[in-house]
Amino acid sequence: MSSPEIAAETIRDEQECYHCGLPVPEQTRHYVMVDGTPRRMCCIGCEAVAQSIVDNGLTDYYRHRDAMPEPRKEALPAELQELGLFDHPDFQKGFVQPVGEHEREASLILEGITCAACVWLNEQHVARLPGVSVAAVNYATRRARVRWDERRIKLSEILAAVQAVGYRAYPYDAERSEQIGQRERRSMLWRVFVAGFGMMQVMMYAFPSYIAKAGELTGDIEALMRWASLLLTLPVVLYSAAPFFHRALRDVKLRRLGMDVPVALGIGSAFGASVWATLSGGGEVYFDSVTMFVFFLLCGRYLEMVARQKAVRGVEELGKVIPAFAERIVAWPAPESERVPVSRLARGDLLRVRPGEVVPADGTVIDGRSEANEALLTGESLPVPKVKDSPVTGGSINISSPLIIRVEHVGDSTRLAAIQRLMERAASEKPVIAQQSDRVAVVFIVVLLLLAAITGVAWYFLDPARALWVFVSVLVVACPCALSLATPTALTVATDTLARIGVLVTRGHAIETLARANRFVFDKTGTLTYGRMSLEEVHALGGLGRDELVTLAAALEQGSEHPIAEGLRRAAEGRRLPAAEDAVAQTGQGVEGRVNGQRLWIGRPDFVAAQVGSPSPPNVSGLEARGGSVVVLGGQTGWLGLFRLGDVPRREAAGLATRLANDHHQLTVLSGDSAAAVEAVASGLGIADARGGMTPQGKQTCIASMQQEPGAVVAMIGDGVNDAPVLAQAHVSIAMGGGTELARNQADIVLLSENLAGLGRGIDLSRRTLNIIRQNLWWSFVYNFTSVPLAMAGLVTPWMAGIGMAGSSLLVVLNALRLQRVPEAR
């Protein structure tokens, strides 16, 4: 300020920095106007940061924060002092992925986050930068997701903006996240230790007053006991219980009621009354109850935290699977190799993977014969044989012999990275049942506070000596922690267990909806069958030979991922396919394009018939009656050929269909293949409702009509690009793990093992999860509705209330942990 005398009266007593809370040196004169009031800063750095916050209209940060920011430190590790290094493409490979032509998205971890206001400040500050379209921070994990237009802003500028408001940002890695978890556990253990030690010592001083008869304790001895108990309780309240007070104060400032409000109110009122009784020399003291309550509550919270961290460790463990280094072969087939960081691998690199090593990237075997353990990725415990041309997945373990692989995908384009993203998406969504529990808990807290106040007033007139501890007991005993933990803990544990058996949950509502599903709709090709189509018959219609027809058909289908296209390409293996120009795929119909200058169409008979202008060939129905899938090739001159491709039903499909039918669920098969082919597969599996010749729009309409039936909850199991809109229509959708990327992104659940038996186990676990949630909710309600009247009647002491509250929360968590047991296949 240019005129410090104007603000002299206002800042005379300010001895601490308004921004960071550190002492202000007497010789400094740094001020910032915040909400019209001059605020004193300790240094030019805090002055710059505070001025930046004010200039950007973010002064709400100072009103909402409940903790001071950490001291300003370097935003980068020592080896990365230059922010510009973050803009280097090689450095960005590990944590930046393209989401558009010019848009990029990075996963960062923030340090210095101490409260919800810190999250708000970072999100608001970064989101206002030009070119930034998304800035989201997860307070629980300290992870930030940032998306920006690289033409308008650089990543280094975003990191500099984070540093400008006093925080530090790093590329996310699982190790750093684990370090944060370890610090939280260590901090909680220290708080538990201090509370436990204080409780034992306070009980030693309180015990004589319990056993002494009237008149046996003199006044000075009783005063000494009280003062000793006060001194021993101080660290318990000021250190061990501090997080309760911080969070409660934050909730009050934000005008909302959280779980810590009644806890902090109970602890604070009991401790305050005890201090007053000690100072005045009259009345009851409750130091023993306060310390016991804090100790038992912290024990319960610690066990809850450990259980939750264990349950959500799935994504973190996946992030640690890929090794840091790989053995890259310099010039194959020469044996020379070099060890390089995995981040430097590129498509086409040749790697040697020795027995016992983890495959560092997705690729293809070019030499060697071995087996791979893919249990972490698919849930299948049996080793998978690997020979020449076999695909290998990054994160799997080579078991028996060395393999030489050619890298196909690295970084965020690998299968492992896709699994991580889907798991993170599921974790970021809150299902309806959890939202309902939270709303009930908020209402319950309001009712609880009113009941506690009414009880306290009533007991003040009935028995003033007991009014305080009855008031505290009501506040503590019925705090709805167990109610809030009942649903999310069970869902989190179930999600982790499902991932271990190869059932990947990608949406927050999936488990709840799958448990309630009563109508199951299956696609045929690639779902009920293996989807590995083989060409069984070729019929020439226009004078071309068999080989020419297969070559033309495979050329048209070069860009398609449909199983029929793959079957035609396999039939043409070893041949040089001509290029297909102007190829356009009509979803669910076929492909149109130019090959050797001639316009061709291949696909469903009615689709091709409409293009060539003539009715379908008469022998189509005869081929369809033999089973399998029939496609037609036509050109500008008319019909050219017919192809019949066959497939084999999955071995486990009949078992799944039988058990679902035994559970009285309705089963339907929807497919674009001919009605005869669909009915042949469905009848072999015991499914009566089979509908063939359906377009994607027809499937979607059929699902929508099923959803109109009273009480119907429709689950769709599909595979392939044709199923994407149908998967989106169903109440809950399941995609086979080998399906196209679009289908997996649309699905709520992905079967990584491509084994339908996994779906049966997933249904069992989902139903168990819903039962566990119901048990937890019933227990929470029964406990609260039983304990509150007892506490209001004065039959529950504060320390008993602490045990009851902690015990009820712990019981809910332990009950949820029963879901870690993997269900047996049946």
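Residues numbered from 1 in each chain as written. Predicted model: local features only at pLDDT ≥ 70, side-chain atom pairs only at ≥ 80, totals over all residues. Heavy atoms only, no water.

Asker: Requested: an account of the sheet that holds strand S17 (residues 503-505), with residues and values cited.
Answerer: Strands sit in the order S17-S29-S28-S27-S18-S25-S26 across an open sheet of seven strands; the sheet is mixed. Because the sheet does not close on itself, it has two edges, and the strands there are S17 and strand S26 (689-691). Strand-to-strand twist in this sheet, taken as the mean axis angle between neighbours without regard to direction, amounts to 20 degrees. Bridging between strand S27 (residues 714-718) and strand S28 (residues 732-736) involves four bridges; their strand directions are parallel. When the bridges of S28 are listed, Gly 718 appears paired with Ala 735. Across the face of the sheet, helix H29 (residues 756-792) comes into contact with S17, strand S18 (519-522), S27, S28 and strand S29 (749-751) while running at roughly 140 degrees to S29. (Pairing = 2+ DSSP bridges. Helix = DSSP H or I, 4+ residues; strand = E, 2+ residues; numbered from the N terminus. Axes fitted to C-alpha atoms, helices over the stretch in contact; angles between N-to-C directions. Contact = heavy atoms within 4.5 Å.)

Asker: Please give an account of the pattern of salt bridges that cites residues and values.
Answerer: Scanning the entire structure with this criterion turns up 25 salt bridges. In this structure, Arg 147 engages Glu 105 in a salt bridge whose closest nitrogen and oxygen atoms are separated by 2.6 Å. In this pair, Arg 147 is assigned in strand S6 (residues 143-149) and Glu 105 in strand S4 (residues 103-111), connecting sequence segments 42 residues apart. Classification of Glu 105 by relative accessible area gives buried; the value is 11%. With its nearest N and O atoms 3.5 Å apart, the salt bridge here joins Arg 519 to Asp 689. Here Arg 519, found in strand S18, pairs with Asp 689, found in strand S26; they are 170 residues apart in sequence, far enough to count as distant. Residue Arg 519 is classed as buried on the basis of its relative accessible area of 6%. By relative accessible area, which is 22% here, Asp 689 ends up partly exposed. Ionic contacts of the salt-bridge type, sharing partners, join the residues Arg 519, Asp 689, Arg 691 and Glu 709 into one network. (Salt bridge = Lys/Arg side-chain N within 4 Å of Asp/Glu carboxyl O. Buried < 20%, exposed > 50% of the residue type's maximum accessible area, 1.4 Å probe, protein only.)

Asker: Now, about the sheet that holds strand S23 (residues 629-635): what can you tell me, with residues and values included?
Answerer: Strands sit in the order S19-S24-S23-S22-S21-S20 across an open sheet of six strands; the sheet is antiparallel. Since the sheet does not close on itself, it has two edges, and those belong to strand S19 (534-540) and strand S20 (580-586), each with one partner. Sheet twist, expressed as the mean angle between neighbouring strand axes with direction ignored, is 20 degrees. Where S20 and strand S21 (residues 590-595) come together, five bridges link them in antiparallel fashion. Along S21, the bridge assignment pairs Gln 586 with Gly 590. Of the strands in this sheet, S19, S20, S21, strand S22 (598-603), S23 and strand S24 (638-646) touch helix H20 (residues 546-556), which is tilted by about 120 degrees from S19. Sitting on the sheet, helix H22 (residues 605-612) touches S20, S21, S22, S23 and S24, and the angle it makes with S22 is about 155 degrees.

Asker: Outline the confidence of the model for the protein, supporting the account with residue identities and numerical values.
Answerer: With 82% of its residues at a pLDDT of at least 70, the protein reaches an overall mean of 80. Mean pLDDT per element in the protein: helix H1 (residues 8-11) is the minimum at 43, and S18 is the maximum at 94. Note on residues 1-13: pLDDT is under 50 here. Beyond four places in sequence and across chains, it has eight contacts. Note on residues 71-82: pLDDT is under 50 here. Beyond four places in sequence and across chains, it has 26 contacts. (pLDDT = per-residue confidence, 0-100.)

Asker: Which residues make up the pairing of strand S1 (residues 30-34), and what values do they have?
Answerer: Burial analysis of S1 places four of its five residues in the buried class, the great majority of the element. The pairing of S1 with strand S2 (residues 37-41) spans five bridges and is antiparallel. By the bridge assignment, Val 34 is partnered in S2 with Thr 37. Between S1 and S2, which pair antiparallel in sequence order, lie two residues; one of them, Asp 35, sits at a positive phi of approximately 55 degrees.

Asker: Give me the lowdown on the packing of helix H24 (residues 653-662) against H29, citing residues and values where you can.
Answerer: The geometry of H24 relative to H29 is characterised by a closest axis approach of 8 Å and an angle of 30 degrees between their N-to-C directions. Judged on the interaxial angle alone, H29 and H24 are roughly parallel. In contact with Ala 653, Leu 656, Arg 659 and Leu 660 of H24, H29 contributes Leu 756, Leu 759, Gly 760, Arg 761, Ile 763, Asp 764 and Arg 767. Considering only residue class, the contact of H24 with H29 consists of six nonpolar, one polar and four charged. (Parallel < 35°, antiparallel > 145°, perpendicular 65-115°, else oblique. Nonpolar A, V, L, I, M, F, W, Y, C, P; charged D, E, K, R; others polar.)

Asker: Kindly report on helix H21 (residues 563-571), identifying the contributing residues and their values.
Answerer: Along H21, the positions that sit buried rather than exposed are Pro 563, Ile 564, Ala 565, Gly 567 and Leu 568. Where H21 is buried, its residues contact helix H19 (524-528), S19, H20, S22, S23 and S24.

Asker: I'd love a proper account of the side chain of Arg 599, names of residues and values included.
Answerer: On the secondary structure map, Arg 599 appears in strand S22. Classification of Arg 599 as buried rests on a relative accessible area of 18%. A distance of 2.9 Å separates polar atoms of two side chains, one belonging to Arg 599 and the other to Glu 592. If we skip the residues at most four places from it in the chain, Arg 599 touches Asp 582, Glu 592, Gly 593, Arg 594, Gly 634, Gly 635 and Gln 636. (Polar contact = N/O pair within 3.5 Å; in protein donor to acceptor, adjacent residues only side chain to side chain.)

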